[in-house]
Amino acid sequence: MFQRIARAVVDDIRRGRLVAAQRLPGSRALAEELGVHRNTVLAALGELEAQGWIVTHRARGTFVADSLPETPLARVPATRRAGRDGKLGFALPPEPRLMARDGNELPRGELHLSAGVPDPRLFPVDALARAWRRAVRRDGRRLLTYASPEGHPALRAALAAMMRAIRGLSCTAEDVLVVRGSQMAIDLCARGLLTPGDRVAVEALGYRPSWDAMRLAGAELVPVPVDAGGIDVAAIARAASRKPLRAVYLTSHHQYPTTVTLSPARRLALAALAREHRLVVLEDDYDHEFHYEGRPVPPLAAADDGGNVIYLGTLSKILAPGLRLGFLIAPPPVITRLGALRAAMDRQGDRPMEAAVAELIDDGELERHVRRMRTVYLARRDALVEQLRARLAGALTFEPPRGGISLWATVAPDIDIPRWLDACGGRGIHISPGSRYTFDGSDPGAIRIVFSASTPAELDRATSVMAATLVRNRRSTRASRG
């Protein structure tokens, strides 16, 4: 109420109803006129005086200030654009070569089976809120000032302990850099460890934003085939023999998007190749936590005795992408270099949030949440597999993923994939075509279906729409692929 009164007085001054040096009614009279407590009026007057709109002279009263604060500019119409008619007064450099990708915002009621995100409805909001409040109450002054760009010490230590216990990495807090999501980690590695012209081997079916980051750093990307055993390490060796390679970027545990795991023989071959050619191996382990059959395979970094592997992790798949929390693990000289780069672009992370998440790790809440989500996602995977087999047995061929949050399916040659997925999208079901993940944009004859963010009932609705739209989107045998 006192703020509303203060705003009303300011509006009267701006309109000229109250002029400079004009005396205002006394607080008692004003309170009586407005029908509010006198303390409310005193609070409003105090706010106005602090902002410079009024002055109080002892024994004389309260007056509109002679020199008023700066008033805001007149409201600009929404159609007005920056610059005259939207024209720039300078030249833009050439457009960077980025891979086009869609946003994740969709109207309510639609199912987005293309974004690899956890279900936000299952996020432990209350636990995080309590941890955040405790952290700010306990260390508010330290958390709300400048600090190290490498991340909050408690979170670095908690992540290092978690990686030692769960993934077998030999690391300490000094080996951890906290970042705003794994994409920042990839970007920092690209800018800090590559120079323009460096050749980087990448999975020919893979993660386009990582390719963007490396291209922006001036790298020349070398696409390498992926099959049931993961990235073809022999092909990497052949590429390195023809012309030196600087780095390899791969998703070794649940290959993105096919979900296959790099075979043991290829893991050993890649480690030997990295030592021989002094390669930087960027291992993006984006959803290690969600493995449903057998024990998860340890990261390449766990067996790295040559100092070649930089491990990239994220909490986005565990908690929520909106938190923007990721990390990388590397020897301290790399952490120091990338931390300096991070400071130049972002200064530091969200320290109160980092402290809160460290508490969730230390008290076991994060581990309990992971166990709950693993059970939920396994049930959703099984529901999707059952529904696809019942409704689309002749259209899709796939193996149930042993881990991860998505399913990769080969589509029958007589199905027009773009038309089919467009028809599904028209009915609120959004699925990614395999061409979104190929290096050259070609059609691999496959689709990716994310099941983590949809309940079994929602997946039932999605597969029902897929089956209903399929009949109208089959091609004649003569026009089919291959």
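Just so it is clear, the model here is predicted, and its values are computed rather than measured.

## Overview of the confidence of the model for the protein chain
On average, the protein chain scores 90 in pLDDT, and the residues at 70 or more come to 93%. Counted against residues more than four places away or in other chains, residues 477-482, with its pLDDT under 50, gives 11 contacts.

## So, helix H7 (residues 208-216)
Of all nine residues in H7, eight are buried, a share of seventy percent or more. Within the sequence span of H7, burial applies to Arg208, Pro209, Ser210, Trp211, Asp212, Ala213, Met214 and Arg215. Glycine 218 sits one or two residues past H7 and shows a positive phi near 90°.

## What to know about the nonpolar core
Counting 52 residues, the largest nonpolar core has Leu159 and Ile236 as its most contacted members. Beyond its immediate sequence surroundings of up to four residues, leucine 159 is in contact with Val176, Val178, Leu315, Phe327 and Ile361.

## Overview of the sheet that holds strand S17 (residues 446-450)
The four strands lie next to each other as S13-S14-S17-S16, forming an open sheet whose pairing is antiparallel. Strand pairing shows two members of the sheet lacking a second neighbour, strand S13 (396-397) and strand S16 (432-433), which therefore form its edges. Relative to S17, strand S14 (residues 406-411) is paired through five bridges, and the arrangement is antiparallel. Bridge pairing in S17 places leucine 407 opposite isoleucine 449. Along the sheet face, helix H12 (residues 365-391) touches S13, S14 and S17 and points at about 15° away from the line of S14.

## Concerning the packing of helix H2 (residues 27-34) against helix H3 (residues 38-51)
Two elements in contact, H2 and H3, have axes separated by 8 Å at closest approach and are oriented at 115°. Here the hand of the crossing between H2 and H3 comes out right-handed. Together, Ser27, Arg28, Leu30 and Ala31 of H2 and Arg38, Val41, Leu42 and Leu45 of H3 make up the contact between the two elements. Of the residues that constitute the contact of H2 with H3, the class distribution is five nonpolar, one polar and two charged.

## A look at the packing of aromatic side chains
As enumerated under the stated definition, the model contains seven aromatic pairs in all. With centroids separated by 5.6 Å and ring planes inclined at 80°, the aromatic side chains of tyrosine 256 and tyrosine 286 adopt a geometry described as edge-to-face. Of this pair, tyrosine 256 sits in the loop between strand S9 (247-250) and helix H9 (264-277) while tyrosine 286 sits in the loop between strand S10 (280-284) and strand S11 (309-314), and the two are 30 residues apart along the sequence. Given the relative accessible area of 14%, tyrosine 256 is considered buried. A ring pair is formed by tyrosine 311 and phenylalanine 327, whose centres lie 6.4 Å apart and whose planes are at 35°; its orientation type is tilted. One end of the pair, tyrosine 311, is in strand S11; the other, phenylalanine 327, is in strand S12 (residues 326-329), with 16 residues separating them in the sequence. Look at tyrosine 311 and you get buried, because its relative accessible area is 0%. Members of the aromatic cluster, joined through ring pairs, are Tyr207, Tyr256, Tyr286, Trp408 and Tyr437.

The rules behind the values
- Residues numbered from 1 in each chain as written.
- Predicted model: local features only at pLDDT ≥ 70, side-chain atom pairs only at ≥ 80, totals over all residues.
- Heavy atoms only, no water.
- pLDDT = per-residue confidence, 0-100.
- Contact = heavy atoms within 4.5 Å.
- Buried < 20%, exposed > 50% of the residue type's maximum accessible area, 1.4 Å probe, protein only.
- Helix = DSSP H or I, 4+ residues; strand = E, 2+ residues; numbered from the N terminus.
- Core = buried A, V, L, I, M, F, W, Y, C linked by side-chain atoms within 4.5 Å.
- Pairing = 2+ DSSP bridges.
- Axes fitted to C-alpha atoms, helices over the stretch in contact; angles between N-to-C directions.
- Left-handed = near helix turned anticlockwise from the far one by under 90°.
- Nonpolar A, V, L, I, M, F, W, Y, C, P; charged D, E, K, R; others polar.
- Phe/Tyr/Trp six-rings, centres within 6.5 Å; stacked < 30°, edge-to-face > 60°.

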